[in-house]
Amino acid sequence: MQFRFFAAQTMRTKVQFDFYELPADSYMSLRDSMLVHIDRFRAAEHQPIHTMLAIGLADLAIQMDHTWPNAVETLFQRFGQSPESYPTLLEVLRMLPEENNNYKLMTDSFKRESCSQRLQAATPQVVQFLLNLQCPTVQARRKVLECFLSWIKYTNLQASDIAQSLGGFCLAKTPVVSLRMCSSDISAYQPVIEVILSQLGTLRSKFETQLSRGMEVALDDEQDSLLQVCRIYVEVGECLVPLVMTQCADAQIVSILQVILRCTDLPSEEISSIPLEFWHRLADEVCRHPETDVKIDQFQGVYLELLSASIRRCTLSTTQDPFLADDEIAAYRQRILGLVEDCLEVLTPNTALEHVLKSLLGGQQNGVVVQEAHFFVLTMVASRAEVREGSVLWQLIQSLPPLISATAPEGAERVDGAILHFTKKTAIELLGNLWQWVKTRPDFLRSSLEMISMLLMASDPPNSPNNMLERTKQVQQAASMAFKEICVGGKLHLQDLVPQLTQLYVSTIALPIRMHLFIVDGVGAVVASLNQEETFRSALEHLVTPLVQGLNTERERPVVLSEILDRLTTIIRQIHIREGSAKAACVGHVAAKYDRVDGILVLLAMFFLLYTTQILDKMRQLISSTFWPVIRQCLAQHPADSKLVEKSCRLLKHSMRCVPDLFKPNLSDVARTLVTAFQQHQHSSYLYSAEILAHTYAKDPEIVPVLTELFNQLSSIGLQCLMHSKDKLEEITELVEDSWTSKRWSVAIFVQQKEAVEAIIAFIESVLSHIGETFKLGRRYADESKAKIGQLLQPHALQVAPGFVQAIFRLIAGVPTKYVQDSIPSILDHLRSAFSQEFPAWLEAALTQLPPSVGSKAELQKFGEHIIRGDDQRLYEAIQDLCYRCEQVVLRSRGQADATVAGRKKK
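Residues numbered from 1 in each chain as written. Predicted model: local features only at pLDDT ≥ 70, side-chain atom pairs only at ≥ 80, totals over all residues. Heavy atoms only, no water.

A. Quick look at the overall build of the protein chain. Within the protein chain one finds 44 helices and zero strands. The proportion of buried residues among the 907 residues of the protein chain is 51%. Here the contacts in the protein chain between residues at least 6 apart in sequence split such that 73% fall between residues at least 24 apart. When the accessible surface of the protein chain is totalled, it reaches about 42,400 Å², and 52% of it is carbon and sulfur. (Helix = DSSP H or I, 4+ residues; strand = E, 2+ residues; numbered from the N terminus. Buried < 20%, exposed > 50% of the residue type's maximum accessible area, 1.4 Å probe, protein only. Contact = heavy atoms within 4.5 Å. Areas by Shrake-Rupley, 256 points an atom, 1.4 Å probe, with all protein chains shown as cover.)

This is the structure we're talking about:
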């Protein structure tokens, strides 16, 4: 049995992919052999073999095209004369339309069109056969219906005829593909819809019977059946959304909504996730009406129930530590939050808030997991609701700090202790999302920050187990994010707390950088909002001082230096000043305070000095005698650390852009340093710095010789590196992204790293665009300067373009990434514009790089015509088709290789 199935599968695969290898005089003998074999395996125990041969026979009919013009007639003559052969006839007939639309079948497009015409002509005979066929069993009826649905797109049947064909079938045993056809025109297919809806009653009765034993028991014993019912009802609902809108009070429609609602509320992630898209579509339809429309009122009851179901589905398990739960649980809860958002669209946030708060009040006795689920849903609901003085939400808000700061009971290392900690974490997240509410009550704002500050300062006892450490880490991460939200939102009410906030900032500097940056962001926002000169200066000093100290003591640790620079950047983003203002003077004062600090400390001073022009002489001295030497020392001390190099070069960029005149005297030394550093380590940051130099000083005649020498040396180093690494460019994607020449086009296009290939494609298209501009000279809108550059580039590009076109099609044959697939049409468009006469010959040679099974010679000629002369859409479609065909060939080859390896292992 197993070997026969393998033989049938191999036959199908050969017809699907390798039909071009079969001589034309062997077509008929292969057809006759397959017709004999398929009927031998029509028995139920051979169904897999029978199906595989039916697919192969349908593929053969399409591939043979005019060599077998009467395929349907042949099938009826051979298998339509005896009921015993009807299963074979139905199986092959079903596969014919399906395979004609299966683009994994490597056949020519004109063969598909020809097959479609023959199927259209044979439709009356097939439909008449199906309508008159007597089916003694459910399995037989299912086969007939599946075949009918496969052919239905070719028919001109009236809705009543389709309804007649569906009558008597059990919806749970048949596909509901016909519903999608009905959804295109609800009124025209009303008889079909009525038949389908009439069959849902039986299905619902079965569903109710299963659930009557209890949800958990039903899921344990009947999960597959429940899953099938859910899919059928959701499919019906999605296809009949317009009908749901117009007949929402109809008993059958109400029944559909109730079943889908119950499926959404089942404690199964797989089942309850299926209806989410339906509820989103329905909410979108409902909200197209004005808010006063009666339809919103009609659906509010459903969405209130759905909101309650969302809370239940977000409830954590009482037997598992939520801090150790896998990512799927977190992703599922986020999907449920999306459902909550749909509820807000129908109910309005204020109505939803009242409902959730009422549910929370009524469910307090059900334990902490229920409380946590309400908090989690409120992170979405309450943040959207209007701030109201008399809202019940204030009672909840005031209860959050005591809950969060409460001491965990004994045995907190157990699951119940973990759930309590997780509830605190969710409460903290809720508090952060309620910053619009909290900021309206300054006293509560302060107490909330005090409570969060205590959490940020907390630490675990020595030798705590890993699970306890993980809990603290996640709670503190939530606390740092809430701290930032509250500080940013309530900064104008927190200015007198700046000393305490800066002290917290210093005390928590040992936290992981991803946590501490939120604290820096929050404190920086409050400091930046200060208007009083002396207070602002003092607060800024308190922020700067620990960073200065860290830069001085951690100069041998590049990772720490990078984190300090990240904090500094976060502070700078918060400060917005005007030249000549008192705040600008304060910044200058803080910067000057560190003008004599040795080493890398001047990096910090320079960040501030860039924001004021009041001490230019001091800055000029700092740049020449201290600042630039420190940058150079930093690059020399940690040349291999790409992260620190990138941050140093970023500072260099800001300096050059903000004070180009003051930096100008150092450019020769900068250029020499960049060349020396690039020789040692090919970091792309050096090339980016050279690019900034060029953009900033290209129009300065005094600096042009420096830039020219810099370009020549960096290009030489970069080219040598690329030549040495031509077989492993993926290892130097940073360099490829910023430096390479046209001679390496055919190699560089194979780079997989997205940022690098983006730069490569942009460079190629820019070169070809300049060349294409040469053909526009003499016209009204020609860009002469661009055309002159194109004339210089054209001879060089002409040398590499033929091989480059072949490289593109080798890339297509190897299945490039989606981004590259989408970019290839644009590259080819630029190529055919830049070299219109040469491109057809290049393309003809390049198409030979594709696997033979991708298409016949005639099919490839058609592709070539579309690529050479087609508009943008035709060109895009041709490349997408070729990429898909090549992908199928690669997948087939990979499958064969896997099967070979598996066979060897078995031996």
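That shown, we press on.
B. Structural context of the state of the cysteines. On inspection of all chains with the given rule, the structure shows zero disulfides. Free cysteine: cysteine 230, not disulfide-bonded; nearest cysteine sulfur from cysteine 263 at 3.9 Å. (Disulfide = S-S within 2.5 Å.)

C. View of the packing of helix H23 (residues 442-457) against helix H25 (residues 498-507). At a closest axis distance of 10 Å, the pairing of H23 and H25 adopts a crossing angle of 15°. Regarding the angle of H23 to H25, the classification is roughly parallel. Where H23 crosses over H25, the two elements pack in a sense that is left-handed. Within the contact between the two elements, H23 uses Leu449, Ser453, Leu456 and Met457 and H25 uses Leu501, Leu504 and Ser507. (Axes fitted to C-alpha atoms, helices over the stretch in contact; angles between N-to-C directions. Parallel < 35°, antiparallel > 145°, perpendicular 65-115°, else oblique. Left-handed = near helix turned anticlockwise from the far one by under 90°.)

D. Up close: helix H43 (residues 857-869). Here H43 spans 18 Å end to end across 13 residues, near enough to the 18 Å set by a 1.5 Å rise per residue. Listed in full, the buried residues belonging to H43 are Glu859, Leu860, Phe863, Gly864, His866 and Ile867. End-on, the buried residues of H43 take up no more than an arc of 165°, which puts them together on one face. The exposed set on the far side of H43, more than 90 degrees from its buried face, consists of Lys857, Gln861 and Arg869. (Expected span 1.5 Å × (residues − 1). Arc of directions from axis to C-beta.)

E. Structural view of the side chain of serine 480. The residue serine 480 is located in helix H24 (residues 466-489) in this model. Ignoring sequence-local partners within four residues, the contact set of serine 480 consists of Leu456, Met515, Phe518 and Ile519.

F. Focus on the packing of aromatic side chains. Throughout the structure, instances matching the rule amount to eight aromatic pairs. The interplanar angle of 85° and the centroid separation of 5.4 Å between the aromatic rings of phenylalanine 76 and phenylalanine 129 together place this pair among those described as edge-to-face. Taken together, the positions of phenylalanine 76 in helix H4 (residues 71-79) and phenylalanine 129 in helix H6 (residues 109-132) put the pair 53 residues apart, joining distant regions of the chain. The structure contains a cluster of three or more aromatic residues connected by ring pairs, namely Phe76, Tyr86 and Phe129. (Phe/Tyr/Trp six-rings, centres within 6.5 Å; stacked < 30°, edge-to-face > 60°.)

G. The arrangement of the packing of helix H42 (residues 839-847) against H43 in detail. Viewed as axis vectors pointing N to C, H42 and H43 meet at an angle of 145°, and their least axial separation amounts to 11 Å. With respect to the hand of their crossing, H42 and H43 are arranged in right-handed fashion. Every residue of H43 that contacts H42 at Phe839, Pro840, Leu843 and Leu847 is listed here: Leu860, Gly864, Ile867 and Ile868. Of the residues that constitute the contact of H42 with H43, the class distribution is seven nonpolar, one polar and no charged. (Nonpolar A, V, L, I, M, F, W, Y, C, P; charged D, E, K, R; others polar.)

H. Structural detail: helix H26 (residues 513-528). The first and last C-alpha atoms of H26 sit 21 Å apart over 16 residues, in line with the 22 Å expected at 1.5 Å per residue. Of all the residues in H26, the buried ones are Met515, His516, Ile519, Val520, Asp521, Gly522, Val523, Gly524, Ala525, Val526, Val527 and Ala528.

I. Spatial organisation of the nonpolar core. Counting 129 residues, the largest nonpolar core has Trp279, Leu282, Phe299, Tyr303 and Phe483 as the members making the most contacts within it. Sequence-distant contacts of phenylalanine 299, defined by excluding residues within four places in its chain, comprise Val244, Met245, Cys248, Leu257, Leu282, Val286 and Val346. Listed in part, the 49 residues of the second largest apolar core include Phe19, Leu57, Phe79 and Leu130. (Core = buried A, V, L, I, M, F, W, Y, C linked by side-chain atoms within 4.5 Å.)

J. Spotlight on a negative patch on the surface. A cluster of acidic residues, Glu269, Asp326, Asp327 and Glu328, forms a negative patch on the protein surface. Relative to the helices and strands, aspartate 326 is located in the loop between helix H16 (294-313) and helix H17 (327-347). Taking the relative accessible area as the measure of exposure, aspartate 326 reaches 43% and is therefore partly exposed. (Patch = residues over 30% accessible without salt bridge, like charges linked within 9 Å, V, L, I, M, F, W, Y side chains within 5 Å. Salt bridge = Lys/Arg side-chain N within 4 Å of Asp/Glu carboxyl O. Lys, Arg positive; Asp, Glu negative; His and termini not counted. Charge placed at Lys NZ, Arg CZ, Asp CG, Glu CD.)

K. Summary view of the pattern of salt bridges. Per the counting criterion, the structure on display carries 36 salt bridges. Arginine 262 is the partner of glutamate 208 in a salt bridge, and the nearest nitrogen-oxygen pair spans 2.6 Å. On the criterion of sequence distance, the pair formed by glutamate 208 in helix H10 (residues 190-211) and arginine 262 in helix H13 (residues 251-264) is long-range, its members being 54 residues apart. Among the charged side chains, a network of salt bridges with common partners joins Glu91, Arg94, Glu98, Lys143 and Glu146.

L. Structural detail: the environment of isoleucine 509. Residue position: isoleucine 509 is located in the loop between H25 and H26. It is 9.8 Å that separates the C-alpha atoms of isoleucine 509 and arginine 567, two residues lying 58 residues apart in sequence. Ignoring any residue separated from it by four or fewer positions in sequence, one finds isoleucine 509 in contact with His516, Pro546 and Arg567.

M. Structural view of unusual backbone geometry. Phi at asparagine 463 is positive, roughly 65°, even though this residue is not glycine. You can see asparagine 463 is positioned in the loop between H23 and H24. A relative accessible area of 81% places asparagine 463 in the exposed class. Residues other than glycine seldom take positive phi values, yet valine 815 does so here, at roughly 65°. Classification of valine 815 by relative accessible area gives partly exposed; the value is 26%.

N. Highlighting the confidence of the model for the protein chain. For the protein chain, per-residue confidence averages 80 on the pLDDT scale, and 80% of positions sit at 70 or higher. Confidence over residues 168-175 falls short of pLDDT 50; this stretch has 21 contacts with residues more than four positions distant or in other chains. In this model, residues 594-619 is a region of pLDDT below 50 whose contacts with residues beyond four sequence positions or in other chains number 73 contacts. (pLDDT = per-residue confidence, 0-100.)

O. Representation of the environment of tyrosine 697 within the structure. Relative to the elements of secondary structure, tyrosine 697 occurs in helix H35 (residues 684-697). On a C-alpha basis, the gap between tyrosine 697 and leucine 707 in space is 8.4 Å, while along the polypeptide they are 10 residues apart.

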